[in-house]
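Here are the chains, one letter per residue:
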2 protein chains.
Amino acid sequence: MGLVPPHGAGGLKPLLLEGEALQVERKAAENIIKLDVTSREACDCFMMGIGAFTPLAGFLGQADWERVCTEMKLASGVFWPIPITLSAGDEDNIELGDKVAIHSQEFGGLIAIMEVKEKYQIDKHFECKQVFNTDEMEHPGVAKVMAQKKWNLGGPVKVLSEGGFPQEYGELYARPAETRALFEQLGWSRVAAFQTRNPMHRSHEFLVKIAVEVMDGVLIHQILGKLKAGDIPAEVRVRAINALVENYFVRGTVVSKGYPMEMRYAGPREALLHAVFRQNYGCSHLIVGRDHAGVGDYYGPFDAQKIFYKIPEGSLALKPLPMDWTFYCYKCGGMASLKTCPHGKEDRLNLSGTMVRKTLSEGGELPQEFSRPEVVQILQEYYQSLDDKVEIKLHGHATGAAAKKKKKK
Amino acid sequence: MGLVPPHGAGGLKPLLLEGEALQVERKAAENIIKLDVTSREACDCFMMGIGAFTPLAGFLGQADWERVCTEMKLASGVFWPIPITLSAGDEDNIELGDKVAIHSQEFGGLIAIMEVKEKYQIDKHFECKQVFNTDEMEHPGVAKVMAQKKWNLGGPVKVLSEGGFPQEYGELYARPAETRALFEQLGWSRVAAFQTRNPMHRSHEFLVKIAVEVMDGVLIHQILGKLKAGDIPAEVRVRAINALVENYFVRGTVVSKGYPMEMRYAGPREALLHAVFRQNYGCSHLIVGRDHAGVGDYYGPFDAQKIFYKIPEGSLALKPLPMDWTFYCYKCGGMASLKTCPHGKEDRLNLSGTMVRKTLSEGGELPQEFSRPEVVQILQEYYQSLDDKVEIKLHGHATGAAAKKKKKK
């Protein structure tokens, strides 16, 4: 058995230029019209660049956009759950047929060149309702669509940069061709992806370990693009996940990698996008837990699982690995889920995110049944450094609680 | 998605007669030649009776026997891993074309009628080496083949009895048509079977719970036929498993049933036979742990898993769910396997079967990390009753250790 094939194509379609072609286009880009794009749009360029968005050849044209919104298909009929689009305003002075140099301040300037084959307007409310199931501006994904400029530009893209991700994340960063080569080397064909944007506590460890038991291996796949305010930064999260993997997983059963996308928080539709590009990364399965890629109360806890059974058969080669709510149960004497623990709430350890943050920022310990001590230590240090920064800002030097905490260490 | 189809046939092929046809054949059986069979042969009649051995129409003829031994296929090409045969001696006076009434003392007399279409001799050493990978008489499955009489009889069977299993085991006993109806009623299509001939401790609970997490449900499937000497009797095992299921599983996630077969301890080939009839019972997967259906040191710990990947694709609709050695790890703080626990032997709870038996028969407690207290209590009572019997035999009345143990209760 080999790896699952890339999505909707014979092979991976990376749009990133390398070597001489890259130099030629970088030079050419100096003399063409320039468009500054958002971090979401830039990240989509990187995903296309490395072939994670195979079979896309660029940003969607109108026919693709419309069919993706309504049917989750490209105009060609290939399954695709979320429009990948680029916008421009009248002030950008872009005309049909133009070659455009796509720039991003955040990602070091020039990132791609695009040939504008289509310029069209969309009903943003329609897109949001289709994709996010809401057009409320409080939804962070909706807010980004609503902030798009007047025109959508469709056309093929040549990607000229990976946005500094390889330099910033080193071995953690991987292109789909690299994970595929790695899985083949490991002899894996049944590979589950575990999506994460947070440090992993025991409930996440448990999900991954169930997959380890029944698969050849698991890809712990961290999002490296921008998150919501208040989320733990990638650098800290990476160290926390490394500590967990090193101390609690068998070497050779999991591979820990990251990818350069930005969350849309589109819940069920985003779970499907996660599935599409995980298939490109060589994964045969995607772990889909409670409220996968959701935010607030916009999606039912299992909507992102159910949608996999509603799409037409054959849409994806990857299959979901749905998992229930997980926790430590004192009566079970171990980790369990609502599917395997028959006991009551009072027997289970249940900490809210708010309580976890409060405990950690006060330098407190989390129960060993909730989180591994090696992970807790890293998170404590992070939260304490936040406090210190706040206090330094307020008082000009570390005093009070932060100073005391430092002594304790 | 529906249930997995029965093996090698459009539908289940139960050979059990019912109603008037049963009465007619029972009557007819009074006047034909009688053959007393072994408990293994009788149990194979029951398995054919209820359709668990679909698509077999009776005991194998010579061409079937030979191809099953060499290729694990019936003469028709349908996958079949172990010869299902009936033997007779010269003293039984059975000729080709005879109708024979198959009797078993252990199972209440008349159990089937067979039309003798073939009468052939086999090389028992050849069969044993093919099926058991050994012809040593110490192997309990080999011993049974070697004890077969001179002739093999092949031909279609009409089954007239279920051997008292339904009466003895009530709701625990189930025919394949019954579990299929039950799974459909529960809305299950991905169903893993867990084979057991022992009470379930936490390591077994863990295997089943992993399957519960990733399947629609699990069939805990106990063998009800004869076991090796020293094994815990079915009645005690059933109570111990019920106690576990009632206290540690979510209602509606597992179904606990039994089947009327006798162990051959053929390791890998028996795992395949377990797969064939589990498919008939409606299971899409079979949990295959360490040394599945093995005995002594005849098979490598994972031979029974590997064989599933060696048989030609399409041999079975059922798939294996291979699982590693499982145990409680104090550093993990829960159940784990060699695939998920990176710690050392010294961190793991490891009790040998001998230690468990010794502890229980001395009325001692097993650690909660090894076995659930509800299960331990049932096993303690059983072992103490054994001791009592032994002591009563020796001394004519209960004294010493056994009497003390009784007081403690």
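These lines cover the structure that appears in this document, whether it is placed above or below. Note that this is a predicted model, so its numbers are computed, not measured.

Attention shifts here to the overall build of chain A. In terms of helices and strands, chain A carries 14 helices and 15 strands. Taking 2.2 N^0.38 as the reference for a compact globule, 409 residues should give roughly 22 Å; the C-alpha atoms of chain A span a radius of gyration of 22 Å, in line with that estimate. Its C-alpha atoms give chain A principal-axis dimensions of about 65 × 60 × 45 Å. If you sum the accessible surface of chain A, you get close to 17,100 Å²; carbon and sulfur atoms cover 51% of it. Looking at chain A, you have 50 positive and 51 negative side-chain charges, and the mean spots of the two groups are 4 Å apart.

The next point concerns empty space enclosed by the protein. As enumerated under the stated definition, the model contains 3 cavities of 30 Å³ or more in all. The computed volume of the largest cavity comes to approximately 360 Å³. Along the walls of the largest cavity sit 25 residues, with F206 and M335 of chain A together with F206, G334 and M335 of chain B positioned nearest its centre. Elements represented by at least two residues in the lining of the largest cavity include exactly helix 8 (202–214) and strand 14 (334–337) of chain A together with helix 8 (202–214) and strand 14 (334–337) of chain B.

As a further point, take the sheet that holds strand 12 (residues 319–322) of chain A. All names here are of chain A. Strand order in the open sheet formed by 5 strands is 10-9-8-11-12, and the pairing between neighbours is parallel. Single-partner strands in this sheet number two, and they are strand 10 (254–259) and strand 12. If you compare each strand with its neighbour and ignore which way they point, the axes differ by 30° on average. Note that strand 8 (residues 191–196) and strand 11 (residues 285–288) share 2 bridges and pair parallel. Each bridged residue has a counterpart across the sheet, and for A193 the counterpart in strand 11 is L286. In the packing of helix 10 (residues 268–280) onto the sheet, the strands contacted are strand 8, strand 9 (217–223), strand 10 and strand 11, and the crossing angle to strand 11 comes to about 150°.

Residues and elements named next belong to chain A. Following the criterion strictly, the structure yields 28 aromatic pairs over all chains and no others. Their ring planes at 65° and their centres at 5.2 Å tell us that Y328 and Y330 sit as a pair that is edge-to-face. Residue class for Y330 comes out partly exposed when judged on its relative accessible area of 45%. Among the aromatic residues, those joined into a ring-pair cluster are F46, F107, F165, Y169 and Y173.

For the rest of this paragraph, the subject is the pattern of salt bridges. Residue and element names in this part refer to chain B. On inspection of all chains with the given rule, the structure shows 30 salt bridges over all chains. A salt bridge links E71 to R67; its shortest N-O distance comes to 3.1 Å. With E71 and R67 both in helix 3 (residues 62–71) and 4 residues apart, this pair spans about one turn of that helix. For R67, a relative accessible area of 25% gives the class partly exposed. Among the salt bridges present, the one from K129 reaches D135, with a minimum N-O distance of 3.8 Å.

Let us now look at the interface of chain A and chain B. On the side of chain B, 28 residues touch chain A, which itself brings 29 residues to the contact. Summed over both partners, the interface of chain A with chain B comes to about 2,200 Å²; 52% of that surface belongs to carbon and sulfur atoms. For the chain A face of the interface with chain B, the top three residues by lost area are E213, K339 and T340 of chain A, together amounting to 31%. Linking chain A to chain B there are 0 salt bridges.

What follows deals with unusual backbone geometry. Residues and elements named next belong to chain A. Following T54, the chain continues to P55 via a peptide bond in cis, the omega torsion being 15°. Positive phi outside glycine occurs at M72, with the angle close to 55°. Along the chain, M72 falls in the loop between helix 3 (62–71) and strand 3 (86–88). Despite not being glycine, N133 has its phi angle at roughly 65°, a positive value. Within the secondary structure, N133 is located in the loop between helix 4 (124–132) and helix 5 (140–146).

Time to look at the environment of Y173 of chain A. Residues and elements named next belong to chain A. With respect to the element layout, Y173 can be found in the loop between helix 6 (165–169) and helix 7 (176–186). We classify Y173 as buried; its relative accessible area is 6%. Here the alpha-carbon distance between Y173 and T134, two residues 39 residues apart in the chain, equals 33 Å. If near-sequence neighbours (up to four positions away) are discounted, Y173 is found in contact with I50, E162, F165, P166, E178, L224, G258 and P260. A distance of 2.7 Å separates polar atoms of two side chains, one belonging to Y173 and the other to E162.

A cluster of basic residues, R190 and K319 of chain A together with R190 and K319 of chain B, forms a positive patch on the protein surface. By the secondary structure assignment, K319 of chain B is in strand 12 (residues 319–322).

Expressed as a screw operation, the relation of chain A to chain B combines 0.0 Å of axial shift with a rotation of 180°, fitting to an RMSD of 0.0 Å. Overall, the copies show the geometry of a two-fold rotation axis. Taking C-alpha positions as reference, the residue of chain A nearest the rotation axis is G334 of chain A, located at 2.4 Å.

Residues and elements named next belong to chain A. Along helix 1 (residues 19–29), the positions that sit buried rather than exposed are L22, E25 and A29. Down the axis of helix 1, the sector holding all buried residues measures 75°, keeping them to one side. Structural note: helix 1 exposes E20, Q23 and K27 on the side pointing more than 90 degrees away from its buried face. Contacts made by the buried residues of helix 1 are with strand 4 (99–104), strand 5 (109–115) and strand 7 (151–159).

The next subject is the packing of helix 3 of chain A against helix 4 of chain A. Residues and elements named next belong to chain A. Between helix 3 and helix 4, the shortest axis-to-axis distance is 8 Å and the interhelical angle comes to 45°. Regarding the angle of helix 3 to helix 4, the classification is oblique. Our pair here, helix 3 against helix 4, has a crossing hand that is left-handed. From helix 3, W65, C69 and T70 reach across to helix 4, where they touch F126, E127 and Q130. Broken down by class, the residue content of the contact of helix 3 with helix 4 amounts to 3 nonpolar, 2 polar and 1 charged.

The next point concerns the pairing of strand 5 of chain A. All names here are of chain A. Within strand 5, 6 of the 7 residues are buried, leaving the element largely enclosed by the surrounding structure. Sheet topology places strand 4 next to strand 5; 6 bridges connect them, and they run antiparallel. Across the sheet, the residue bridging to K99 is E115, located in strand 5. Here strand 4 folds back onto strand 5, and the loop between the two strands holds 4 residues, one of which, G108, carries a positive phi near 85°. Pairing analysis gives 3 bridges linking strand 5 to strand 7, with the strands arranged antiparallel. Opposite A112, over in strand 7, you have V159 as the bridge partner.

Parameters at a glance
Residues numbered from 1 in each chain as written. Chains lettered and ligands numbered in written order. Predicted model: local features only at pLDDT ≥ 70, side-chain atom pairs only at ≥ 80, totals over all residues. Heavy atoms only, no water. Helix = DSSP H or I, 4+ residues; strand = E, 2+ residues; numbered from the N terminus. Rg over C-alpha atoms; globule rule 2.2 N^0.38 Å. Areas by Shrake-Rupley, 256 points an atom, 1.4 Å probe, with all protein chains shown as cover. Lys, Arg positive; Asp, Glu negative; His and termini not counted. Charge placed at Lys NZ, Arg CZ, Asp CG, Glu CD. 1 Å grid on protein atoms, 1.4 Å probe; cavity = no way out; pocket = protein on both sides within 12 Å on 5 of 7 lines; lining within 4 Å. Points joined across faces, edges and corners; volume = space filled by probe spheres on them. Pairing = 2+ DSSP bridges. Axes fitted to C-alpha atoms, helices over the stretch in contact; angles between N-to-C directions. Contact = heavy atoms within 4.5 Å. Phe/Tyr/Trp six-rings, centres within 6.5 Å; stacked < 30°, edge-to-face > 60°. Buried < 20%, exposed > 50% of the residue type's maximum accessible area, 1.4 Å probe, protein only. Salt bridge = Lys/Arg side-chain N within 4 Å of Asp/Glu carboxyl O. Buried area = accessible area lost by both parts, 1.4 Å probe. Polar contact = N/O pair within 3.5 Å; in protein donor to acceptor, adjacent residues only side chain to side chain. Patch = residues over 30% accessible without salt bridge, like charges linked within 9 Å, V, L, I, M, F, W, Y side chains within 5 Å. Least-squares fit on C-alpha atoms with pLDDT ≥ 70 in both. Arc of directions from axis to C-beta. Parallel < 35°, antiparallel > 145°, perpendicular 65-115°, else oblique. Left-handed = near helix turned anticlockwise from the far one by under 90°. Nonpolar A, V, L, I, M, F, W, Y, C, P; charged D, E, K, R; others polar.

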